[in-house]
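# Fold and geometry: a report
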Amino acid sequence: MIGEFAGMGVLETAAAVAARRVSATALAEAALARIEALNPRINAVTRTLRDRALREAAAVDARLAAGEDPGPLAGVPYGVKDLFDVAGLATTAGAGRLAEAEPAGEDSAAIARLSAAGAVLVATLNMDEFAYGFVTDNARWGQTRNPHDPSRFAGGSSGGSAAAVAAGLVPFALGSDTNGSIRIPASLCGIYGNKPTHGSLPMAGVYPFVHTLDDIGAFARSAVDLGAVDAVLRGGARTPCRPLGRPALLDGWFQADLAPGMTAALAALSAGLGGLPMVELPGVARARSAAFLITAYEGGTLHLAALAEDALSYDPATRDRLLAGAALPEELYRDALAFRTVFGAAIQAAFRNHDVLIAPATYGPAPRIADPFITIAGKPQPARANLGLYTQPISFLGLPVVTAPLAVDGLPMGVQLIASKGRDAELLAYAAMLEAQGLTRSHPILLETAA
């Protein structure tokens, strides 16, 4: 029973439940058993929610027995990054200091929509403390490991969500993205991830970090499944739409400091699309710096009172950066915000000729945990702060981005598919088109229950 349903995707699972080929309760039990057997190897899950999961699954089965429609995600098990409010649980945001906080009174808006659609919540998932990091190295709940190679990072800060999906613990999971926290782990774990147009998905009941940049989104093992979850999160039904066209590859900053394998994979993708034109954006380095400043200032300001009260309760790696951010002058923060207008004009100029801009999501495959550095301009730099090299400039503008895993052998790597604001559905359709053409493909590892 543990491995029988591990490879099923979101829509495949929902269809099987709706046709009563398998019960939602059996799927929930299978997911819980798989988590119990496999999570010690990757440390993606912080809490299993057995009672809730079986209660929700039983409700789906009861609706089916009564001849009712249980919803488009009927019986699909899923997990959420531990910064979404779950009724009756403390929302920890990955912080040990909040482990005993007052329980949430109700589910976050996103979870409520998924529950109404028949999905079954089975677990909360590991993250960097307060979502401030790119490697999911958590002082309280430990290091999440990449299912493809447990000696390597899963990425972060939504690393638990990505690892859980890649390892087949759940068909999909929710995460959040401020500077790349969905896109980076999706790339390193070889699955699809979605960062929507800023503000287009419900943030109610999500622990904040940087309100200017924060968004929620999903991970899945196919672009089609990703689109199905996105539609539910938006409160509507999936409607077919034409995919975007006119792709281009971002040049300059986005071609520097890449691992040889990523350079080769981008060239292969370009060739598969008939040879992509190259577009260079001015001001990318300043955009990344501005995103850093906005993150530090808003994060530091948000936590300033708690830091003053009990700074030692924070992970030192998080605390020091928050304190530095709180010390930044407001004028510098305002200058960083103002640069969005300049950089936004540059990327909108690119969108006049191209509908999809393609860029690497990470420099290459996941770094080793024992050697937590990446090379930038010929020098080793800490991975925890710098894996967002190619994602932060895009976050800065609040654009929709789908991370798609490249069709490579060996360790996975992904690309960002970037569109202008509001074109989320068409972008997801474009990702599905690339997947159908074999130009991108998921790399689920589906760990066996035997070591």
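These numbers come from a predicted model, not from an experiment.

If you walk through the whole model with that rule in mind, you get nine aromatic pairs. With 4.9 Å between their ring centres and 55 degrees between their planes, Tyr 132 and Phe 209 make a pair best called tilted. Separated by 77 residues along the polypeptide, Tyr 132 in the loop between strand S3 (120-125) and strand S4 (137-138) and Phe 209 in the loop between strand S9 (192-195) and strand S10 (215-220) bring together distant segments of the chain. As far as the burial class goes, Tyr 132 and Phe 209 line up, both buried. When the centroid spacing of 4.2 Å and the interplanar angle of 15 degrees are considered together, the rings of Tyr 297 and Tyr 333 count as stacked. You can see Tyr 297 sitting in helix H9 (residues 284-310) and its partner Tyr 333 sitting in helix H11 (residues 330-351), a full 36 residues away along the chain. The exposure class of Tyr 297 is buried, given its relative accessible area of 15%. Overall, Tyr 333 belongs to the buried group, its relative accessible area being 7%. What links up through ring pairs into an aromatic cluster is the set Phe 130, Tyr 207 and Tyr 314. A cation over an aromatic ring shows up here: Arg 321 above the ring of Tyr 132, its NZ or CZ 4.0 Å from the ring centre.

Moving on: the pattern of salt bridges. Taken as a whole, this structure holds 18 salt bridges when the rule is applied. Where Arg 368 meets Asp 149, a salt bridge forms, and the shortest distance between an N and an O atom there is 3.8 Å. Of this pair, Arg 368 sits in the loop between strand S13 (356-360) and strand S14 (373-376) while Asp 149 is found in strand S7 (residues 149-153), placing the two residues 219 residues apart along the sequence. Given a relative accessible area of 41%, Arg 368 falls into the partly exposed group. One salt bridge connects Asp 177 with Arg 183, and the closest N-O pair in it is separated by 2.8 Å. For Arg 183, a relative accessible area of 0% translates into the label buried. One salt-bridge network, held together by shared partners, links Arg 246, Asp 355, Arg 423 and Glu 426.

Look at H9 against H11: their axes get within 9 Å of each other, and the N-to-C directions meet at 140 degrees. The orientation of H9 with respect to H11, classified from their angle, is oblique. Where H9 crosses over H11, the handedness of that crossing is left-handed. Residue-level contacts link Val 284, Arg 286, Ala 287, Ala 290, Leu 293, Ile 294, Tyr 297 and Glu 298 of H9 to Glu 330, Leu 332, Tyr 333, Ala 336, Leu 337, Phe 339 and Phe 343 of H11.

Before going further, it helps to spend a moment on the sheet that holds S10. Ordered by their spatial adjacency, eleven strands build an open sheet running S1-S3-S2-S8-S10-S9-S16-S17-S13-S11-S12, and the pairing between neighbours is mixed. Bordering the open sheet on either side are strand S1 (45-48) and strand S12 (278-279), each of which pairs with just one other strand.

Take the nonpolar core next. Counting 110 residues, the largest nonpolar core has Leu 114, Phe 172 and Leu 417 as its most contacted members. The dominant element in this core, judged by the number of residues it contributes, is H9, at nine residues. Apart from residues no more than four positions distant in its own chain, Phe 172 is found in contact with Val 10, Leu 73, Val 76, Pro 77, Tyr 78, Gly 79, Leu 114, Ala 119, Val 165, Phe 219, Ala 220 and Val 229. With 39 residues, the next largest nonpolar core counts Leu 32, Ala 57, Val 60 and Val 120 among its residues.

Burial analysis of helix H7 (residues 223-233) places ten of its eleven residues in the buried class, which makes it a mostly covered element. Among all positions in H7, only Ala 223, Asp 225, Leu 226, Gly 227, Ala 228, Val 229, Asp 230, Ala 231, Val 232 and Leu 233 are buried. Of the residues flanking the end of H7, it is Gly 235, one or two places downstream, whose phi is positive at about 85 degrees.

Attention now goes to the environment of Arg 97. The topology assignment puts Arg 97 in the loop between strand S2 (77-81) and helix H4 (109-116). As for Arg 97 and Tyr 314, which are separated by 217 residues in sequence, their C-alpha atoms are 6.9 Å apart. For Arg 97, the residues in contact, after removing those within four places along its chain, are Phe 130, Ala 306, Asp 310, Ser 313 and Tyr 314. At 2.7 Å, the side chain of Arg 97 and the side chain of Ser 313 are in polar contact.

It is worth spelling out the environment of Ile 42 at this point. Along the chain, the position of Ile 42 falls in helix H2 (residues 24-42). Exposure remark for Ile 42: the relative accessible area of 1% places this residue in the buried category. Through-space distance from the C-alpha of Ile 42 to that of Asp 225 is 23 Å; in sequence the pair is 183 residues apart.

Parameters at a glance
- Residues numbered from 1 in each chain as written.
- Predicted model: local features only at pLDDT ≥ 70, side-chain atom pairs only at ≥ 80, totals over all residues.
- Heavy atoms only, no water.
- Phe/Tyr/Trp six-rings, centres within 6.5 Å; stacked < 30°, edge-to-face > 60°.
- Helix = DSSP H or I, 4+ residues; strand = E, 2+ residues; numbered from the N terminus.
- Buried < 20%, exposed > 50% of the residue type's maximum accessible area, 1.4 Å probe, protein only.
- Lys NZ or Arg CZ within 6 Å of the ring centre and 35° of its normal.
- Salt bridge = Lys/Arg side-chain N within 4 Å of Asp/Glu carboxyl O.
- Axes fitted to C-alpha atoms, helices over the stretch in contact; angles between N-to-C directions.
- Parallel < 35°, antiparallel > 145°, perpendicular 65-115°, else oblique.
- Left-handed = near helix turned anticlockwise from the far one by under 90°.
- Contact = heavy atoms within 4.5 Å.
- Pairing = 2+ DSSP bridges.
- Core = buried A, V, L, I, M, F, W, Y, C linked by side-chain atoms within 4.5 Å.
- Polar contact = N/O pair within 3.5 Å; in protein donor to acceptor, adjacent residues only side chain to side chain.

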